[in-house]
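Here's the letter readout for the chains.
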Amino acid sequence: MKVTVYGSGYVGLVTGTCLAEVGNDVLCVDIDERKTEMLRNGEIPIYEPGLDALVSKNVEAGRLNFTTDPAEGVAHGLFQFIAVGTPPDEDGSADLQYVLAVAGSIGEHMDEYRVIIDKSTVPVGTADKVRDKVNAVLASRGVEIEFDVVSNPEFLKEGAAIDDFMKPDRIVIGTDNPRTTELLRALYAPFNRSHDRMVAMDIRSAELTKYAANAMLATKISFMNELSNLAERLGADIEKVRVGIGSDPRIGYHFIYPGCGYGGSCFPKDVQALERTANEIGYRAELLNAVEAVNNRQKEILFKKLDGHFDGNLAGKTIAVWGLAFKPNTDDMRAAPSRTLMEALWAAGAKVRAYDPEAMDECRRIYGERDDLTLVDSAEEALKGADALVTVTEWSVFRSPDFALVKQRLRQPVIVDGRNMYDPQQLKADGFSYYSIGRDTAHD
Ligand SMILES: NC(=O)c1ccc[n+]([C@@H]2O[C@H](COP(=O)([O-])OP(=O)(O)OC[C@H]3O[C@@H](n4cnc5c(N)ncnc54)[C@H](O)[C@@H]3O)[C@@H](O)[C@H]2O)c1
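These lines cover the structure that appears in this document, whether it is placed above or below. (Residues numbered from 1 in each chain as written. Predicted model: local features only at pLDDT ≥ 70, side-chain atom pairs only at ≥ 80, totals over all residues. Heavy atoms only, no water.)

**With respect to the site of the ligand**
Now for step 1: Around the ligand, a shell composed of 26 residues is seen, among which D30, K35, T86, E158 and K269 lie nearest.
Now for step 2: Here an oxygen atom of the ligand sits 2.5 Å away from a polar atom, N or O, in the side chain of T86.
Now for step 3: Within the contact set of the ligand, a nitrogen atom lies 3.4 Å away from a side-chain nitrogen or oxygen of S265.
Now for step 4: Contributions of two or more residues to the shell around the ligand are made by α1 (10-21) and α5 (97-109).
Now for step 5: Tallied by class, the residues present in the shell around the ligand amount to 10 nonpolar, eight polar and eight charged. (Near = heavy atom within 4 Å. Polar contact = N/O pair within 3.5 Å; in protein donor to acceptor, adjacent residues only side chain to side chain. Helix = DSSP H or I, 4+ residues; strand = E, 2+ residues; numbered from the N terminus. Nonpolar A, V, L, I, M, F, W, Y, C, P; charged D, E, K, R; others polar.)

Here it is, written out as structure tokens:
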């Protein structure tokens, strides 16, 4: 089948590549010339495990092509996937300008039936806006051409995106027309073989389903972070509490890790956007507001623990930071807790020596050259001359360090562990001042 995908980011590139991998003829359209040129040359602009090999293979097979020309994109695919960004607007609502720009160009260039599929995460009612936009452009051209708009939210996780796309838990299809459900059933058939994973529903419910999933996951994280702060004040160990509740199958072990707050391109913006949607319709979304507030506070916790250890004297100190990406196996630093930490350290007059296995280029792109940031080539190198180590992302390479070497390299044996990777007893015995999440005594 012929498929066009707008947006060659984390979602669009994975969608296009996986659809090509099962034999479809895919054209990816992006407005970013540099990115498109890189992709044409077989270079991948993002880090996603396994994606480079899959892109090269499908480009070579001629099933995956890239362009910046929307006219070519509209002419190519019966299926027109919109997978462009929906970043937060100034007020936290989802900025739909990129989605509607694609809708506009589809309207401008379309000359036969098309299925327009919203894969971007978009507020309830966006499919109507897309339809209105296409209709308005078609009317201005003085033509009447049939098309359908479908909501098909994406649930892939960065770091495991290919597996998630190839073996999805569910394929949510929101339509108001049974014909499009059948077209999409055929397109998704290769990913839907062992049992039927397609969940068909109306468009608004599909749009809300994506926000519901992310808001639920964010709520679990904020809940555990709230509990970890209580544990610190009550002399309890949140890790024991975690195992104690996770063993209840109604709760489960997934997504109940305490830490230094959630980041990334989805949870923060999607919780905010859902809050904005609630505001717009005059509903006070108390739980969502609290989930966001708890997370914002949690992202400050690493700085607070460091500041507490150094009695507010961080000026002139150097802090080693392990992990910049918002989670392991990605280079994505959008809304990452590392950014909150580093920015607070800089504001306090401290310097940062940082290492991340994949996000160094992204960090350079965001912060540029600055005297108070040194990016180094290894975890050990980050420790040199540092007054303390902070772990922010639980990459496997940080999980079992040589603590004797860590102690030797650091100027002072201080570790603040934002992911509870280490054993407090062992580190205490090794002579470290060790702080973690929900296992310390809170001083406030
Ligand atoms: N990243 C994730 O893990 C994830 C998971 C599920 C859903 N989503 C949602 O998917 C959407 C895309 O997210 P992403 O992380 O892939 O974004 P991204 O920023 O990585 O990629 C978006 C791409 O769209 C391109 N673009 C912008 N305007 C365009 C236009 N008019 N035509 C063609 N291309 C255009 C940009 O140049 C960019 O390459 C968002 O709504 C996001 O919330 C993301």
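**A closer look at the packing of aromatic side chains**
Now for step 1: Under the defined criterion, the tally for this structure stands at 11 aromatic pairs.
Now for step 2: With a centroid separation of 6.1 Å and 85° between ring planes, the pair formed by Y355 and F398 is classed as edge-to-face. Placement of Y355 in strand β10 (residues 351-355) and of F398 in the loop between β12 (388-391) and α17 (403-409) is noted, with a sequence separation of 43 residues between them. Pair check on accessibility: Y355 and F398 agree, each one buried.
Now for step 3: Of the aromatic side chains, those joined through ring pairs into one cluster are F403, Y422, F432 and Y434.
Now for step 4: A cation sits over an aromatic face here: R170 above F155, 3.7 Å from the ring centre.
Now for step 5: Positioned above the aromatic ring of W346, the side-chain terminus of R370 is 3.7 Å from the ring centre. (Phe/Tyr/Trp six-rings, centres within 6.5 Å; stacked < 30°, edge-to-face > 60°. Buried < 20%, exposed > 50% of the residue type's maximum accessible area, 1.4 Å probe, protein only. Lys NZ or Arg CZ within 6 Å of the ring centre and 35° of its normal.)

**Points about the pairing of strand β8 (residues 198-201)**
Now for step 1: One ladder, built from four bridges, connects strand β7 (residues 171-174) with β8; its direction is parallel. The partner of I173 across the bridge, within β8, is A200.
Now for step 2: Crossover connection from β7 via helix α8 (residues 178-188) to parallel β8: handedness right-handed. (Pairing = 2+ DSSP bridges. Right-handed = clockwise from strand over helix to strand, strands pointing away.)

**Remarks on the pattern of salt bridges**
Close approach of charged atoms allows side chains of opposite charge to pair.
Now for step 1: In total, this model carries 33 salt bridges according to the counting rule given.
Now for step 2: Between K305 and E232 there is a salt bridge, with its nearest N and O atoms 2.7 Å apart. In this pair, K305 is assigned in helix α13 (residues 301-309) and E232 in helix α9 (residues 203-234), connecting sequence segments 73 residues apart.
Now for step 3: Taking relative accessible area as the criterion, K305 reaches 11% and is therefore assigned buried.
Now for step 4: By relative accessible area, which is 6% here, E232 ends up buried.
Now for step 5: With a shortest N-O distance of 3.4 Å, E381 and K384 are connected by a salt bridge.
Now for step 6: K384 sits in the partly exposed class, given a relative accessible area of 41%. (Salt bridge = Lys/Arg side-chain N within 4 Å of Asp/Glu carboxyl O.)

**A look at the sheet that holds β10**
The pairing of strands in a sheet comes from backbone hydrogen bonds and takes either a parallel or an antiparallel form.
Now for step 1: Spatially, six strands are ordered β11-β10-β9-β12-β13-β14 in an open sheet, and the strand pairing comes out parallel. Here the strands that pair on one side only, and so sit at the sheet edges, are β11 (373-375) and β14 (433-435). The mean inter-strand angle of the sheet, taken between neighbouring strand axes irrespective of direction, is 20°.
Now for step 2: With respect to the sheet, helix α14 (residues 337-347) is in contact with β9 (318-322), β10, β11 and β12, its orientation differing from that of β10 by roughly 155°. (Axes fitted to C-alpha atoms, helices over the stretch in contact; angles between N-to-C directions. Contact = heavy atoms within 4.5 Å.)

Any link to function would need more than the numbers given here.
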